[in-house]
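As a plain string of letters, each chain reads:
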Amino acid sequence: MARHSVDPAQVRAAVTALGEWLQDETRPRPERAELAAAVRGTARSLAAAAPGASVEVRVPPFVAVQCIEGPRHTRGTPPNVVETDPRTWLLLATGLLDFESAVESGALTASGIRASELARWLPLVPL
């Protein structure tokens, strides 16, 4: 399997394993490897579902992907960037949090005129 290919069953399993923690933050934080698998899997699923390079989605320290059709960016800081922490990303990916609420709370930063187009592709793995 290619380095960035996505197995939907594996992604669903990785996300489902974190379901209780996503629904209740007081639950024990998942192991780093479990969290990384769910974050990387969902971000790469997004890139596969919305191919392109006009928006960069960053979820440090685990992954950054480019997605959504449009002008390709190749050098320096991309003009359209969405960045958030792993838990917020998974809340968005599962539909437990909507894009606008994440932006309003400050948990997600979206810069550039095309960044908000990401909302159209969420959720990726509904819980």
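Everything below is about the structure printed above this text.
How each quantity is defined
Residues numbered from 1 in each chain as written. Predicted model: local features only at pLDDT ≥ 70, side-chain atom pairs only at ≥ 80, totals over all residues. Heavy atoms only, no water. Helix = DSSP H or I, 4+ residues; strand = E, 2+ residues; numbered from the N terminus. Buried < 20%, exposed > 50% of the residue type's maximum accessible area, 1.4 Å probe, protein only. Contact = heavy atoms within 4.5 Å. Axes fitted to C-alpha atoms, helices over the stretch in contact; angles between N-to-C directions. Parallel < 35°, antiparallel > 145°, perpendicular 65-115°, else oblique. Left-handed = near helix turned anticlockwise from the far one by under 90°. Nonpolar A, V, L, I, M, F, W, Y, C, P; charged D, E, K, R; others polar. Pairing = 2+ DSSP bridges. Salt bridge = Lys/Arg side-chain N within 4 Å of Asp/Glu carboxyl O.

Summing up its helical and strand segments, the protein chain has five helices and four strands in all. Going from the N terminus to the C terminus, the protein chain shows its helices and strands as α-α-α-β-β-β-α-α-β. Along the first, second and third principal axes, the C-alpha set of the protein chain runs to 40 × 40 × 25 Å. With 127 residues in all, the protein chain has 42% of them scored as buried.

Position of Val 82 among the secondary structure elements: in strand 3 (residues 81–84). Separated by 58 residues in the primary sequence, Val 82 and Asp 24 place their C-alpha atoms 24 Å from one another. Those residues in contact with Val 82, other than ones at most four positions away along the chain, are Val 55, Glu 56, Val 57, Arg 58, Phe 99, Leu 108, Thr 109, Ala 110, Ala 115 and Leu 118.

We now examine the packing of helix 3 (residues 32–49) against helix 4 (residues 86–94). Look at helix 3 against helix 4: their axes get within 10 Å of each other, and the N-to-C directions meet at 50°. It follows from the interaxial angle that helix 3 and helix 4 lie oblique. As helix 3 runs across helix 4, the sense of the crossing is left-handed. Judged by residue contacts, Leu 35, Ala 38, Val 39, Thr 42, Ala 43 and Leu 46 of helix 3 engage Pro 86, Trp 89, Leu 90 and Ala 93 from helix 4. Here the contact of helix 3 with helix 4 is built from residues that sort into nine nonpolar, one polar and no charged.

Mapped onto the fold, Ser 45 is located in helix 3. What makes Ser 45 buried here is its relative accessible area of 16%. Here Ser 45 is in contact with Val 6 and Val 11, once residues within four sequence places are set aside.

To continue, consider the sheet that holds strand 2 (residues 63–67). On the basis of which strands lie adjacent, the open sheet formed by four strands has the order 2-1-3-4 and mixed pairing. Bordering the open sheet on either side are strand 2 and strand 4 (108–111), each of which pairs with just one other strand. Within the sheet, the average angular offset between the axes of one strand and its neighbour, ignoring direction, is 10°. Note that strand 3 and strand 4 share four bridges and pair antiparallel.

Let us now look at the pattern of salt bridges. For the coordinates displayed, the defined rule picks out five salt bridges. The residue Arg 27 makes a salt bridge to Glu 20 at a minimum N-O spacing of 2.0 Å. One salt bridge connects Arg 114 with Glu 117, and the closest N-O pair in it is separated by 2.7 Å.

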